Amino acid sequence: MKYLRIYKKFLIQYLKVLMEYRFDFFIGLFSFFIIQSTSILFLYLVFQRIPVLNGWSYNQILFIYGFAQIPRGLDHLFTDNLWILARNIIKDGSFDRYLLRPLNPLFQVISERFQTDAFGELILGVGLFAYGYSKLGLNFTALEWLKYLMVMIAGVFIYTSIKMIVASVAFWTKKSMSLLFVTYQLADFTNYPIDVYGGLVRTLVTFVVPFAFVSFIPASEFLGRAYYQHASLLTVIVAVVLFIFANWFWNQGLKVYESAGN
């Protein structure tokens, strides 16, 4: 309860600041929305030439793309401040301030900032998911909607866990920004069916950096692909295991943190 009250306080303070800079907020949201929309335009142009891509239709790919953007947007909104860990706060010693307060350092880092341009990502994701759902004639049962919610939450935890692990490398290397950037770019592969790629990419985004469990693999179950009929359960298992490992890795990093000047 104490952490919930503190988180609520941080959120209220952040919203007050946001309302003072509403123009910046809408510019950021609109810019992010436009950047993401260019990928959809590219897909549209591709499918003007070919009706099916390796067995996947245009509407199916839009559904997978929207499926991917929702958990990514939620992670972006609530935990994007982990990037500062990878950027410079270990190197310059400013991480010290999180250790001086009687609160969990990870909680402090995550709750310190909300990345509101993520709403552009979320709006696009929800729109594409709804469009694909309608065009494909899908009709989820109540149980399937519950399963979908479970998968979305698991997807957020997968994104956050991967970000925690790579950002925590900075405890040893002082900075891990470049590594985190490259790792995060791999998620773009899973906006589309991963079976259109070669074996190396499929292995990388499934077993090494498992972004495929956020989007393509569970989305394939909802699209009725028999090979992925238990993908939702597997996604939850991956999320739990990855989150446990991410917390362990973070705590190992805390033990080796040297502060500034050492």
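Structural notes, computed from the coordinates. Remember, predicted model here, so these are calculated numbers, not experimental data.

### Topic: the overall build of the protein
Each helix and strand counted, the protein has 13 helices and 2 strands in total. Burial analysis of the protein (262 residues in total) assigns 48% to the buried set. Accessible surface, the protein: about 13,600 Å² in total, of which carbon and sulfur atoms supply 68%.

### Notes on the packing of helix α3 (residues 58-79) against helix α8 (residues 142-168)
Packed helix pairs are specified by the crossing angle of their axes together with the interaxial distance, meaning the distance between the axes. With their axes 9 Å apart at the nearest point, α3 and α8 run at an angle of 55° to one another. Taken together, α3 and α8 sit at an angle that is classed as oblique. At the point where α3 passes α8, the crossing takes the right-handed sense. Only Tyr148, Val151, Met152, Gly155, Val156, Tyr159, Thr160 and Lys163 of α8 make contact with α3, whose side of the interface consists of Phe67, Ala68, Ile70, Pro71, Arg72, Leu74, Asp75 and Thr79. Here the contact of α3 with α8 is composed, by residue class, of 10 nonpolar, 3 polar and 3 charged.

### Describing the nonpolar core
Membership of the largest hydrophobic core comes to 72 residues, with the highest contact counts inside it found for Phe63, Phe67, Leu85, Phe95, Ile158, Phe211 and Trp250. In this structure, Trp250 is in contact with Leu85, Phe95, Pro105, Leu106, Val109, Met164, Ser168 and Phe171, ignoring residues within four places of it in sequence.

### Things to note about helix α10 (residues 177-185)
The set of residues buried in α10 consists of Leu180, Thr183 and Tyr184. Buried residues along α10 cover an arc of 95° about the axis, so they all sit on one side. Turned more than 90 degrees away from the buried face of α10 sit Ser178 and Val182, all of them exposed. On its buried face, α10 sits against α3, α4 (82-87) and α8.

### A closer look at the environment of Asn247
Secondary-structure assignment places Asn247 in helix α13 (residues 231-256). Taking the C-alpha atoms as reference, Asn247 lies 7.9 Å from Met164; in sequence the two are 83 residues apart. Ignoring sequence-local partners within four residues, the contact set of Asn247 consists of Leu106 and Met164. There is a polar contact of 2.9 Å between the side chain of Asn247 and the backbone oxygen of Phe243.

What counts, and at which threshold
- By convention here, each chain's residues receive numbers from 1 onward along its written sequence.
- Reporting in this predicted model follows two pLDDT cut-offs: at least 70 for local features of residues, and 80 or more for side-chain atom pairs to be given and counted; totals over whole chains, interfaces and linings ignore these cut-offs and use all residues.
- Values reported for side chains reflect all heavy atoms of the structure, with hydrogen atoms and water molecules removed beforehand.
- By the criteria applied, helices consist of DSSP H or I runs no shorter than four residues and strands consist of E runs no shorter than two, each listed in order from the N terminus.
- Note on exposure labels: buried denotes an accessible area under 20% of the residue type's maximum, exposed denotes more than 50%, and partly exposed covers the range between, all computed with a 1.4 Å probe on protein chains only.
- The accessible surface values rely on the Shrake-Rupley method and a 1.4 Å probe; as for residues, cover is taken only from the protein chains in view.
- In this analysis, axes come from line fits to C-alpha atoms, helices being fitted only over the stretch in contact, and the angle between any two N-to-C directions falls in the range 0 to 180 degrees.
- Roughly parallel refers to an angle under 35 degrees, roughly antiparallel to one over 145, roughly perpendicular to one between 65 and 115, and oblique to any angle outside these ranges.
- Definitions for this section: a left-handed crossing has its near helix turned counterclockwise from the far helix by less than a right angle. A right-handed crossing has that turn clockwise.
- Contacts between residues were defined by any pair of non-hydrogen atoms, one from each residue, lying within 4.5 Å.
- Ten residues, namely Ala, Val, Leu, Ile, Met, Phe, Trp, Tyr, Cys and Pro, are considered nonpolar, four, namely Asp, Glu, Lys and Arg, are considered charged, and the remaining ones, Gly among them, are considered polar.
- Residues enter a nonpolar core if they are buried and are Ala, Val, Leu, Ile, Met, Phe, Trp, Tyr or Cys, with the set joined through side-chain atoms within 4.5 Å.
- To obtain the arc, one takes the directions from the helix axis to the C-beta atoms.
- Each polar contact in these results corresponds to two N or O atoms within 3.5 Å; when the atoms are within protein, one needs to be able to donate a hydrogen and the other to accept it, and residues that are neighboring in sequence are counted only if both atoms are side-chain atoms.

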